[in-house]
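Listed below, chain by chain, are the residues.
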Amino acid sequence: MIDTENVGDRWFDLLQKTKKKDRIITFYTEHHSKHLEGYLMKQVHNSRIIWLECVAGNNALDYQLMGVLSYLIAKHPKASYYIYSNDRDYQSTIDFWQSRGIAVCRKGFAIKNGKKTAEKKEKEKKKKAPKSQKTVVEILTTAKAKKVPGTLLKTGQEKPTEEQYVIQIAKCVPVTDLGAWYQALTSILGQENGRNWYLKVRGDAKLRKKLSEYCIGEEDERGVNLVAMVLDIHGLDVTGAEEAYNIIQSHSRRNLKAIKADFDMKFGKKPQQEYYKVLRPLFKVIKGK
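Here is what the cut-offs are and how they apply
- Residues numbered from 1 in each chain as written.
- Predicted model: local features only at pLDDT ≥ 70, side-chain atom pairs only at ≥ 80, totals over all residues.
- Heavy atoms only, no water.
- Core = buried A, V, L, I, M, F, W, Y, C linked by side-chain atoms within 4.5 Å.
- Buried < 20%, exposed > 50% of the residue type's maximum accessible area, 1.4 Å probe, protein only.
- Contact = heavy atoms within 4.5 Å.
- Helix = DSSP H or I, 4+ residues; strand = E, 2+ residues; numbered from the N terminus.
- Lys, Arg positive; Asp, Glu negative; His and termini not counted.
- Salt bridge = Lys/Arg side-chain N within 4 Å of Asp/Glu carboxyl O.
- Phe/Tyr/Trp six-rings, centres within 6.5 Å; stacked < 30°, edge-to-face > 60°.
- Disulfide = S-S within 2.5 Å.
- Right-handed = clockwise from strand over helix to strand, strands pointing away.
- Pairing = 2+ DSSP bridges.
- Axes fitted to C-alpha atoms, helices over the stretch in contact; angles between N-to-C directions.
- Parallel < 35°, antiparallel > 145°, perpendicular 65-115°, else oblique.
- Left-handed = near helix turned anticlockwise from the far one by under 90°.
- Nonpolar A, V, L, I, M, F, W, Y, C, P; charged D, E, K, R; others polar.
- pLDDT = per-residue confidence, 0-100.

Break down the nonpolar core for me, citing the residues and quoting the values.
One finds Trp181, Phe263 and Leu279 to be the most contacted residues of the largest nonpolar core, which totals 45 residues. Residue contacts for tryptophan 181: discarding those within four places in its chain leaves Val166, Ile169, Ala170, Val173, Pro174, Val175, Val201 and Leu211. By size, the runner-up hydrophobic cluster in this structure holds 17 residues, among which are Met1, Met66, Leu72 and Ile83.

Here's what the structure looks like:
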């Protein structure tokens, strides 16, 4: 889904990178560029591009794009959706659908003067990172799942691989709750990597069955371990995990002010002690439905 008011003509090369089953929906207004008009003339018979002219106005295109997105999600809930725009105002809508297990995210484009967007820098950084030699299936096959209850990650150890993080999540979150898995994966592995893992888990019944073997122990114990894992990833003191978990459980997950006040009272407001900030995306997972 292309927000042409925001990214202009920078999406033209996208067609070459798409797969056969992908579809591009281009949202534009009467104020479109001459380049867009020329591109439309060349691609007017291309069935992979859908052209939607929108009513012009302040944020009008954004609302029309989100309306079409909602319609498509209702028709195709298992599809994956990308909003191509540098506008971060879409994030609340994205968060809403992600919390309901829908695979949707935003991607940006580099600006014309050659500088890179934050998304592009993050993507390049991840490409440079060494990849694990083992797949999660191989790790699960060789591990004795039921003999390893949810254990905390220990600060100072070598950084776990993505596969090991997935196993840690499996010890804390039932794989039957895919919405919670999406939130946990994207919070711990980052938006893009987490989403890719979510699609892998959602689409592989055998993998889900193996992951389910790790989810043992009491619900509170698993919840504390999930909190500890997130704190450890952000370099925070994991000894506060149980207290943080209890604070979250003591309030409605919608009462964010009360939760934040208790966090500030217990852990302080210093940047290095932002327990609330790093755990906020997982409140729904920790509280349960």
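After that view, the rundown keeps rolling.
Tell me about the side chain of aspartate 62, and please be specific about residues and values.
By secondary structure assignment, the location of aspartate 62 is in helix α4 (residues 60–75). Buried and unpaired, aspartate 62 has no salt bridge, with arginine 106 as the nearest side chain of opposite charge at 10 Å. The residues contacting aspartate 62, other than those within four sequence positions of it, are Asp3, Asp87 and Tyr90.

Account for unusual backbone geometry, with residues named and values stated.
Residue asparagine 59 is not a glycine yet carries a positive backbone phi of 60°. You can see asparagine 59 is positioned in the loop between β3 (49–53) and α4. Looking at asparagine 59, the relative accessible area reads 36%, which means it is partly exposed.

I'd love a proper account of the environment of glutamate 213, names of residues and values included.
Examined against the element boundaries, glutamate 213 turns out to sit in the loop between α11 (205–212) and α12 (219–233). We classify glutamate 213 as partly exposed; its relative accessible area is 34%. Distance in space between the C-alpha atoms of glutamate 213 and lysine 171 is 8.3 Å, their sequence separation being 42 residues.

Provide a residue-level description of the pattern of salt bridges, including the pertinent values.
The full count for this structure, using the stated rule, is two salt bridges. A salt bridge links glutamate 243 to lysine 266; the shortest N-O distance between them is 3.4 Å. Of this pair, glutamate 243 sits in helix α13 (residues 241–249) while lysine 266 sits in helix α14 (residues 256–267), placing them 23 residues apart in sequence.

Quick one: what's the story with the packing of aromatic side chains, residue by residue and with numbers?
Applying the stated criterion across every chain yields a total of 13 aromatic pairs. Look at phenylalanine 263 and tyrosine 276: their rings are 6.2 Å apart centre to centre, the planes differ by 70°, and that puts the pair in the edge-to-face class. Of the two residues, phenylalanine 263 is situated in helix α14 and tyrosine 276 in helix α15 (residues 275–279); the sequence distance between them amounts to 13 residues. Each member of the pair phenylalanine 263 and tyrosine 276 is classed as buried. Taking the centre distance of 5.6 Å and the plane angle of 70° together, the rings of tyrosine 276 and phenylalanine 283 count as edge-to-face. For the pair tyrosine 276 and phenylalanine 283, one class covers both residues: buried. Among the aromatic residues, those joined into a cluster by ring pairs are Trp11, Phe12, Tyr28, Tyr39 and Trp51.

Pulling in residues and values, what's your account of the state of the cysteines?
Summed over all chains, the structure comprises zero disulfides. Cysteine 172 provides the cysteine sulfur closest to cysteine 215, a residue in no disulfide bond, and the two sulfurs are 7.9 Å apart. The class for cysteine 215 is partly exposed, based on a relative accessible area of 21%.

Describe the pairing of strand β5 (residues 103–107), listing the residues and the values that go with them.
By the criterion of burial, β5 is predominantly enclosed, with four of the five residues buried. As for the winding sense of the linkage, the β-α-β connection from strand β4 (residues 80–84) through helix α5 (residues 91–98) to β5 is right-handed.

Explain the pairing of β4 residue by residue, including any values.
Here five bridges tie β4 to β5, and the two strands are oriented parallel to one another. Counted as the bridge partner of serine 80 is alanine 103 from β5.

Quick one: what's the story with the packing of α13 against α14, residue by residue and with numbers?
The N-to-C vectors of α13 and α14 enclose an angle of 155°; their axes lie 9 Å apart at closest approach. By the angle between their directions, the pair α13 and α14 is classed as roughly antiparallel. In this structure, α13 crosses over α14, and the sense of that crossing is right-handed. Residues Glu243, Ala244, Ile247 and Ile248 of α13 form the contact with α14, whose participating residues are Ile259, Asp262, Phe263, Lys266 and Phe267. Taken together, the residues of the contact of α13 with α14 break down into six nonpolar, no polar and three charged.

Describe the confidence of the model for the protein, with residues and values.
Per-chain confidence: the protein averages 80 in pLDDT, with 81% of residues scoring 70 or above. Per-residue pLDDT, averaged within each element of the protein, yields its smallest value for helix α6 (residues 118–128) (52) and its largest for α4 (94). Here residues 143–156 scores under 50 on pLDDT; set against residues more than four positions off or in separate chains, the count is 23 contacts.

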